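Here is what each chain is made of, one letter per residue.
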Amino acid sequence: MMVRKGAMFIRVRTVFLFWLLIQPSTSLSLDPEKTVVVENGLEGGQDLFFHCKSSDSDLGVQQLHLNGTFRWRFRVNLFETTLFHCIFQWEGASHSFVIYKAKRDQYICNVCSWIVKEEGPCMYFPGNLNCYNWYS
Ligand SMILES: *[C@@H]1O[C@H](CO)[C@@H](O)[C@H](O)[C@H]1NC(C)=O
């Protein structure tokens, strides 16, 4: 009886490990879904254009008027390597920034809200702005 139980346990575990292997990494996570919100906060009032990509998704070129927002949802992969890299552009400027990085952000926010300013993007929480420099 004990042997059978053990064998059953091993088989269930094998199936589970196999399931882990065949799942696409993006759908596999015990974490809740993440949302990123990007808002155009350019003080000059220009339209903001940006293009964000992860290893398995391309959000396309987005255009935001002043105070306009764009949001998307995703899950952090099992290996916590989920990352969205973006290029931000407006008249006379082009910058890059990693807007979501699981290792940096996953325990900070489930809804990660950013306001993009000329000097750099700021993650905002009620009553608090956490500003970063452009990567380039
Ligand atoms: C954009 O947001 C700023 C700050 O909240 C506000 O002062 C301004 O009136 C808004 N402009 C437009 C066009 O909505």
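Residues numbered from 1 in each chain as written. Predicted model: local features only at pLDDT ≥ 70, side-chain atom pairs only at ≥ 80, totals over all residues. Heavy atoms only, no water.

- Within an unreviewed UniProt entry, the label attached to the protein reads S-protein homolog, and the organism entered is Phaseolus coccineus.
- Per UniProt, the protein has the following entry under Sequence similarities (unreviewed entry): "Belongs to the plant self-incompatibility (S1) protein family." (UniProt positions renumbered as here; feature names shortened; annotations may be inferred.)

**A short note on the state of the cysteines**
As used in these notes, a disulfide is a covalent bond between sulfur atoms, one from each of two cysteines.
Here is step 1: Under the criterion given, the structure shown has three disulfides.
Here is step 2: Residue pairing for cysteine 109: its cysteine sulfur links by disulfide to cysteine 112, the two sulfurs lying 2.1 Å apart. Taking the torsion about the S-S bond as the criterion, the cysteine 109 to cysteine 112 disulfide, at about 100 degrees, is right-handed.
Here is step 3: Paired through a disulfide, cysteine 122 and cysteine 131 show a sulfur-sulfur distance of 2.0 Å. On the S-S bond that ties cysteine 122 to cysteine 131, the torsion sits near 100 degrees, and the link is right-handed.
Here is step 4: For cysteine 122, a relative accessible area of 2% corresponds to the buried category.
Here is step 5: Indicated for the protein is the disulfide connectivity 1-2, 3-4, 5-6, based on numbering the bonded cysteines in sequence order. (Disulfide = S-S within 2.5 Å. Buried < 20%, exposed > 50% of the residue type's maximum accessible area, 1.4 Å probe, protein only.)

**Section: the sheet that holds strand 7 (residues 111-117)**
Here is step 1: Here we have five strands laid out as an open sheet, ordered 4-1-7-8-9, and mixed in their pairing. Pairing within the sheet leaves two strands with one partner each, and these edge strands are strand 4 (69-74) and strand 9 (128-131). The sheet shows a mean angle of 25 degrees between the axes of neighbouring strands, taken without regard to direction.
Here is step 2: Direction of pairing for strand 8 (residues 120-125) relative to strand 9: antiparallel, over a ladder of four bridges. Bridge assignment links cysteine 122 to a residue of strand 9, and that residue is cysteine 131. (Pairing = 2+ DSSP bridges. Helix = DSSP H or I, 4+ residues; strand = E, 2+ residues; numbered from the N terminus. Axes fitted to C-alpha atoms, helices over the stretch in contact; angles between N-to-C directions.)

**A word on the nonpolar core**
Here is step 1: In terms of nonpolar packing, the biggest core is built from 26 residues, with Val36, Val38, Leu48, Trp72, Phe88, Ile99 and Tyr100 touching the most fellow members.
Here is step 2: Those elements giving two or more residues to this core turn out to be strand 1 (34-40), strand 2 (48-53), strand 4, strand 5 (83-90), strand 6 (93-101) and strand 7.
Here is step 3: Beyond its immediate chain neighbours, meaning those up to four positions away, phenylalanine 88 contacts Val38, Leu48, Phe49, Phe50, Ala93, Ser94, His95, Phe97, Ile99, Val116 and Trp134. (Core = buried A, V, L, I, M, F, W, Y, C linked by side-chain atoms within 4.5 Å. Contact = heavy atoms within 4.5 Å.)

**Remarks on the packing of aromatic side chains**
Here is step 1: Here the structure, examined in full by the defined rule, presents 13 aromatic pairs.
Here is step 2: Pairing phenylalanine 70 with tryptophan 72 gives two aromatic rings, centres 5.8 Å apart and planes at 35 degrees, and the pair type is tilted.
Here is step 3: Over the ring of tyrosine 132 we find arginine 104; its NZ or CZ atom is 5.3 Å from the centre of that ring. (Phe/Tyr/Trp six-rings, centres within 6.5 Å; stacked < 30°, edge-to-face > 60°. Lys NZ or Arg CZ within 6 Å of the ring centre and 35° of its normal.)

**Let's talk about unusual backbone geometry**
Here is step 1: Located in the positive-phi region is asparagine 67, a residue other than glycine, with phi close to 70 degrees.
Here is step 2: Relative to the elements of secondary structure, asparagine 67 occurs in the loop between strand 3 (58-64) and strand 4.
Here is step 3: Phi at glutamate 80 is positive, roughly 60 degrees, even though this residue is not glycine.
Here is step 4: Assessed through its relative accessible area of 29%, glutamate 80 is described here as partly exposed.

**Overview of the pairing of strand 8**
Here is step 1: With four bridges connecting them, strand 7 and strand 8 associate as antiparallel partners. Counterpart to isoleucine 115 in the pairing with strand 8 is cysteine 122.
Here is step 2: The hairpin turn running from strand 7 into strand 8, its antiparallel successor, is two residues long.

**Thoughts on the side chain of asparagine 40**
Here is step 1: You can see asparagine 40 is positioned in strand 1.
Here is step 2: From its side chain, asparagine 40 meets the backbone oxygen of histidine 65 in a polar contact 3.4 Å long.
Here is step 3: In contact with asparagine 40, not counting residues within four places along its chain, are Gln46, Asp47, Leu48, Leu64, His65, Leu66, Asn67, Gly68 and Val116. (Polar contact = N/O pair within 3.5 Å; in protein donor to acceptor, adjacent residues only side chain to side chain.)

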